[in-house]
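Residues per chain are reported as follows:
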Amino acid sequence: TQLLEQSPQFLSIQEGENLTVYCNSSSVFSSLQWYRQEPGEGPVLLVTVVTGGEVKKLKRLTFQFGDARKDSSLHITAAQPGDTGLYLCAGGDSSYKLIFGSGTRLLVRP
Amino acid sequence: DSGVTQTPKHLITATGQRVTLRCSPRSGDLSVYWYQQSLDQGLQFLIQYYNGEERAKGNILERFSAQQFPDLHSELNLSSLELGDSALYFCASSVAGAGTQNIQYFGAGTRLSVL
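Residues numbered from 1 in each chain as written. Chains lettered and ligands numbered in written order. Predicted model: local features only at pLDDT ≥ 70, side-chain atom pairs only at ≥ 80, totals over all residues. Heavy atoms only, no water.

Asker: What am I meant to see in the interface of chain B and chain A here?
Answerer: One frequent convention defines the size of an interface as the accessible area lost when the parts assemble. In this complex, chain B contributes 21 residues to the contact, which on the side of chain A involves 21 residues. Summed over both partners, the interface of chain B with chain A comes to about 1600 Å²; 59% of that surface belongs to carbon and sulfur atoms. Our enumeration of links across chain B and chain A arrives at 0 salt bridges. Our count for the chain B to chain A interface comes out at 2 residue pairs in polar contact (both at pLDDT 80 or more). Contributions of two or more residues to the side of chain B that touches chain A are made by β4 (31-38), β5 (42-50) and β6 (53-57) of chain B. Residue composition of the side of chain B that touches chain A, by class: 10 nonpolar, 9 polar and 2 charged. (Contact = heavy atoms within 4.5 Å. Buried area = accessible area lost by both parts, 1.4 Å probe. Salt bridge = Lys/Arg side-chain N within 4 Å of Asp/Glu carboxyl O. Polar contact = N/O pair within 3.5 Å; in protein donor to acceptor, adjacent residues only side chain to side chain. Helix = DSSP H or I, 4+ residues; strand = E, 2+ residues; numbered from the N terminus. Nonpolar A, V, L, I, M, F, W, Y, C, P; charged D, E, K, R; others polar.)

Asker: Would you explain the pairing of strand β8 (residues 74-78) of chain B in this entry?
Answerer: Successive residues of a regular strand alternate their side chains across the two faces of the sheet. Residue and element names in this part refer to chain B. By the criterion of burial, β8 is predominantly enclosed, with 5 of the 5 residues buried. The side-chain alternation of β8 yields two buried faces, one formed by Ser74, Leu76 and Leu78 and the other by Glu75 and Asn77. Direction of pairing for strand β3 (residues 19-24) relative to β8: antiparallel, over a ladder of 5 bridges. Counterpart to valine 19 in the pairing with β8 is leucine 78. Direction of pairing for strand β7 (residues 64-68) relative to β8: antiparallel, over a ladder of 5 bridges. Each residue of the ladder has a partner; that of alanine 66, found in β8, is leucine 76. Where β7 hands over to β8, the hairpin turn is made up of 5 residues, of which leucine 72 adopts a positive phi near 80 degrees. (Buried < 20%, exposed > 50% of the residue type's maximum accessible area, 1.4 Å probe, protein only. Pairing = 2+ DSSP bridges.)

Asker: What is the right way to look at unusual backbone geometry in this model?
Answerer: Note: most residues except glycine have negative phi, and most peptide bonds are trans. Geometrically, the link from serine 7 of chain A to proline 8 of chain A is a cis peptide bond, its omega value of -10 degrees lying close to zero. Inspection of the secondary structure puts proline 8 of chain A in the loop between β1 (5-7) and β2 (10-14). Here the residue pair threonine 7 of chain B and proline 8 of chain B is connected by a cis peptide bond, since its omega of -10 degrees sits within 30 degrees of zero. Secondary-structure assignment places proline 8 of chain B in the loop between β1 (5-7) and β2 (10-13). Positive phi values are uncommon outside glycine, yet asparagine 51 of chain B reaches one of about 50 degrees. In this structure, asparagine 51 of chain B sits in the loop between β5 and β6. Here leucine 72 of chain B, not a glycine, exhibits a phi torsion of approximately 80 degrees, which is positive. Mapping leucine 72 of chain B onto the fold places it in the loop between β7 and β8.

Asker: In this structure, what is going on with the sheet that holds β1 of chain B? I would like to understand it.
Answerer: For sheets, the rule is that strands pair by backbone hydrogen bonds, running either parallel or antiparallel. Residues and elements named next belong to chain B. Read across the open sheet, the 4 strands follow the order β1-β3-β8-β7; overall the sheet is antiparallel. Two strands lie at the open edges of the sheet, namely β1 and β7, each paired on one side alone. Taken pair by pair, the neighbouring strands of this sheet meet at an average axis angle of 15 degrees, ignoring direction. Where β1 meets β3, 3 bridges bridge the pair, whose relative direction is antiparallel. Residue pairing across strands places glutamine 6 opposite cysteine 23, the latter belonging to β3. (Axes fitted to C-alpha atoms, helices over the stretch in contact; angles between N-to-C directions.)

Asker: Honestly, the layout of surface pockets in this entry has me stumped. Any pointers?
Answerer: It is the rolling of a water-molecule-sized probe over the atoms that shows where space remains empty. In this structure, the largest pocket spans a volume of roughly 620 Å³. Leu86 and Arg105 of chain A together with Gln37, Ser38 and Leu39 of chain B are, among the 25 residues lining the largest pocket, the residues nearest its centre. Elements represented by at least two residues in the lining of the largest pocket include exactly β9 (85-92) and β11 (104-109) of chain A together with β4, β9 (87-94) and β11 (110-114) of chain B. Looking at the lining of the largest pocket, its residues break down into 8 nonpolar, 13 polar and 4 charged. (1 Å grid on protein atoms, 1.4 Å probe; cavity = no way out; pocket = protein on both sides within 12 Å on 5 of 7 lines; lining within 4 Å. Points joined across faces, edges and corners; volume = space filled by probe spheres on them.)

Asker: I'm lost on the sheet that holds β1 of chain A in this one. Help?
Answerer: Residues and elements named next belong to chain A. As summarised here, the arrangement of the 5 strands in space is β1-β3-β8-β7-β6, forming an open sheet in which the pairing is antiparallel. Each of the sheet's edge strands pairs with one partner strand only, and the pair in question is β1 and β6 (55-58). This sheet shows a mean twist of 15 degrees between the axes of neighbouring strands, independent of strand direction. Where strand β7 (residues 61-65) lies against strand β8 (residues 71-76), 5 bridges are found, and the strand directions are antiparallel.

Given below as structure tokens:
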């Protein structure tokens, strides 16, 4: 069974701080997606990484796919209150479904 | 706006009842996926349809069923409801049925409360 573990589960930080969220698995994935979900909304795709070692940047967010394609990280620089939400990683293979991690709930305090 | 429409947004019902959740995928998307999100379990894949055919099943209970119609909209039917079925149910759609970069777009979900 493929599982994705995210850490930490909860994170409360002050505006301007940096943070890193981790997504780990014992399974290899063909791709790794990061989503952000806000209350009352569905998950919104932030990025997809597909190559081992790949790094993608989205403004203050930096995403990295592990060399072995089993893990990923999301780093946020100078967090802002607008970054508050539930961050989900999801692993995909060549088939159909996404395996989701349990999520990291981020609160950025002004 | 993801382009995926789910109705209703909220549903309150009693144990033992049956409900139907509806999903309209993005224009041009052939695949529809259903997920269940409980407070303590994250998003769990239930079932996928591709162009009207069932493509894959995940952790879907026998009391639950789904179908995709010729116009590509999908319905998730939940019957003999139990308290533990209370959750957010999400529909997602994608262009393809599979593939490395099979990007799924999610609707806003239906919040089901079973009392």
